[in-house]
Amino acid sequence: MDEPNPAHYRIEAAELSEHLLGELARVYGAANDPNDDRTRRAMLFAQHANEPQWQAIIAGSPVVGFAYGFHCVPGQWWRETVYEQLRARLGRRRAKRWLADTCCLAELHVHPAWQRGGIGQALLTELSEWRTERTMVLSTPDRGSAHGFYRRLGFVELAGSVQFPGNASPYTVFGKSER
């Protein structure tokens, strides 16, 4: 792998290019599933960029890591699934409070060659500082190694064993009050 420039830079949806989407899909595949369809993944990332207040932080050139989120609003499939799970586990009032003004952390990935060097933490910290929402909520696989990472950064587990439509793997939902 080429030696990347470790600088982080912020991008808004209007700044996404086909090349950059391909880079994000490459890092996602390396970090998660080398057999993932990069074209399909890049298209999904492009769709996410249409969500309200989408923003991303990119590490490196070439890209070695990225994080992005957007404002969660009623009607988004992820938000509605999480709301129902939180309502069942925390009650309607607490579920609404968590999701009333929240950033959905949709993606945070670092290429395996660059993991455990602080890039993920720096990306999440910078994205959190850039966001204006009261809370940040995310989901990560139940069996993933990210649980300790999110806990160290102040996230709390809101619900475990959450099933998303079309995915047989259970997820854990984490949240953090930002303000």
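Residues numbered from 1 in each chain as written. Predicted model: local features only at pLDDT ≥ 70, side-chain atom pairs only at ≥ 80, totals over all residues. Heavy atoms only, no water.

S.K.: Hey, could you run me through the sheet that holds strand E7 (residues 171–177) in this one?
M.R.: Backbone hydrogen bonds hold the strands of a sheet together, and the pairing may be parallel or antiparallel. An order of E1-E2-E3-E4-E5-E7-E6 is seen for the seven strands of this open sheet, with the pairing classed as mixed. Only two strands of the sheet have a single neighbouring strand rather than two, namely strand E1 (8–12) and strand E6 (156–162). Between one strand axis and the next, the sheet turns through 20° on average, direction left out of account. Taken together, the five bridges between strand E2 (residues 55–59) and strand E3 (residues 65–71) define a ladder with antiparallel strand orientation. Paired with Ala59 across the bridge in E3 is Gly65. The sheet contacts of helix H1 (residues 18–31) involve E1, E2, E3 and strand E4 (102–110), and relative to E4 the element is tilted by about 70°. Contacting E4, strand E5 (135–141), E6 and E7, helix H3 (residues 77–90) crosses the sheet at an angle of about 105° to E6. (Pairing = 2+ DSSP bridges. Helix = DSSP H or I, 4+ residues; strand = E, 2+ residues; numbered from the N terminus. Axes fitted to C-alpha atoms, helices over the stretch in contact; angles between N-to-C directions. Contact = heavy atoms within 4.5 Å.)

S.K.: Is there a simple way to explain helix H5 (residues 119–130) in this structure?
M.R.: For the α-helix, the turn length of 3.6 residues means that residues three or four positions removed from each other point alike. Here H5 is 12 residues long and its end C-alpha atoms lie 16 Å apart, about the 16 Å a rise of 1.5 Å per residue gives. Those residues of H5 not exposed but buried are Ile119, Gly120, Leu123, Leu124, Leu127, Ser128 and Trp130. Buried residues of H5 fall within an arc of 160° about the axis and therefore sit on the same side. Tucked into the core, H5 has its buried residues touching E1, E2, E3, E4, E5 and helix H6 (146–152). (Expected span 1.5 Å × (residues − 1). Buried < 20%, exposed > 50% of the residue type's maximum accessible area, 1.4 Å probe, protein only. Arc of directions from axis to C-beta.)

S.K.: Please explain the pattern of salt bridges as it appears in this structure.
M.R.: Oppositely charged side chains can pair when the atoms bearing their charge come close. This model, assessed by the stated rule, comprises eight salt bridges. In this structure, Glu80 engages Arg79 in a salt bridge whose closest nitrogen and oxygen atoms are separated by 3.3 Å. In this structure, the salt-bridge partner of Glu133 is Arg131, at a minimum N-O distance of 2.6 Å. Owing to a relative accessible area of 2%, Glu133 belongs among the buried residues under this scheme. Here the salt bridges do not stand alone but share partners, grouping Asp36, Arg40 and Arg41 into one network. (Salt bridge = Lys/Arg side-chain N within 4 Å of Asp/Glu carboxyl O.)

S.K.: What should I look at first to understand the nonpolar core in this one?
M.R.: Soluble globular proteins tend to bury their nonpolar side chains together. Of all hydrophobic cores here, the largest spans 35 residues; its most connected members are Leu16, Leu24, Trp54, Phe66, Val82 and Leu86. Taken together, the elements giving at least two residues each to this core come down to H1, helix H2 (38–48), E2, E3, H3, helix H4 (92–99), E6 and E7. In terms of residue count, H1 provides more of this core than any other element does, six residues in total. (Core = buried A, V, L, I, M, F, W, Y, C linked by side-chain atoms within 4.5 Å.)

S.K.: Can you help me understand the packing of H1 against H2 in this one?
M.R.: Two packed helices can be described by the angle between their axes and the distance between those axes. Where H1 contacts H2, the two axes come as close as 8 Å, and the packing angle between them is 115°. Considering how the two elements wind past one another, H1 and H2 form a crossing that is right-handed. Contacts between H1 and H2 pair Leu21, Leu24, Ala25, Arg26 and Tyr28 from the former with Arg38, Arg41, Ala42, Phe45 and Ala46 from the latter. The class makeup of the residues in the contact of H1 with H2 is seven nonpolar, no polar and three charged. (Left-handed = near helix turned anticlockwise from the far one by under 90°. Nonpolar A, V, L, I, M, F, W, Y, C, P; charged D, E, K, R; others polar.)

S.K.: I would appreciate a short explanation of the state of the cysteines in the present structure.
M.R.: What we call a disulfide is simply a covalent bond connecting the sulfur atoms of a pair of cysteines. Counting across every chain of the model gives one disulfide. Disulfide pairing places Cys72 opposite Cys104 at an S-S distance of 1.4 Å. Across the disulfide from Cys72 to Cys104, rotation about the S-S bond amounts to roughly 50°, and the bridge is consequently right-handed. On the criterion of sequence distance, the pair formed by Cys72 in the loop between E3 and H3 and Cys104 in strand E4 is long-range, its members being 32 residues apart. With respect to class, Cys72 is no different from Cys104; both count as buried. Unpaired in this structure, Cys103 has its nearest cysteine sulfur neighbour in Cys104, at a distance of 6.7 Å. (Disulfide = S-S within 2.5 Å.)

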